[in-house]
Amino acid sequence: MTIEQKISMALSYKGISQAELARRIGTTPSNLNQKVKRNTLTKEELEQIAEVLGCIWRAEFEFPDGTII
């Protein structure tokens, strides 16, 4: 599943539009749409989106010994 699909599903779950999300994170709908389409969102931006949506963003490697990178 792509980041675009995950964001779309999260927005549907919360009942807000991508344009509203853009406003809440302090950017334009056009800018957010371009970043989502190009898959150029930074880790910090994904965390900010998660905060606005009231959830946690995790992207990590977890090894059997408990090491997380």
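Note that this is a predicted model, so its numbers are computed, not measured.

**Topic: unusual backbone geometry**
- Non-glycine residue N39 carries a positive phi angle of around 60°.
- Here N39 is to be found in the loop between α3 (29-38) and α4 (43-53).
- A relative accessible area of 54% places N39 in the exposed class.

**Section: the nonpolar core**
- Grouped together as the largest cluster of nonpolar side chains are 13 residues, with contacts concentrated most on I7, L11, L21, L32, L41 and I49.
- Mapped onto this core, the elements with two or more residues apiece are α1 (3-14), α2 (18-25), α3 and α4.
- Contacts of L21, omitting those with residues within four sequence positions, involve I7, L11, I16, L32, I49 and V52.

Parameters and conventions
Residues numbered from 1 in each chain as written. Predicted model: local features only at pLDDT ≥ 70, side-chain atom pairs only at ≥ 80, totals over all residues. Heavy atoms only, no water. Helix = DSSP H or I, 4+ residues; strand = E, 2+ residues; numbered from the N terminus. Buried < 20%, exposed > 50% of the residue type's maximum accessible area, 1.4 Å probe, protein only. Core = buried A, V, L, I, M, F, W, Y, C linked by side-chain atoms within 4.5 Å. Contact = heavy atoms within 4.5 Å.

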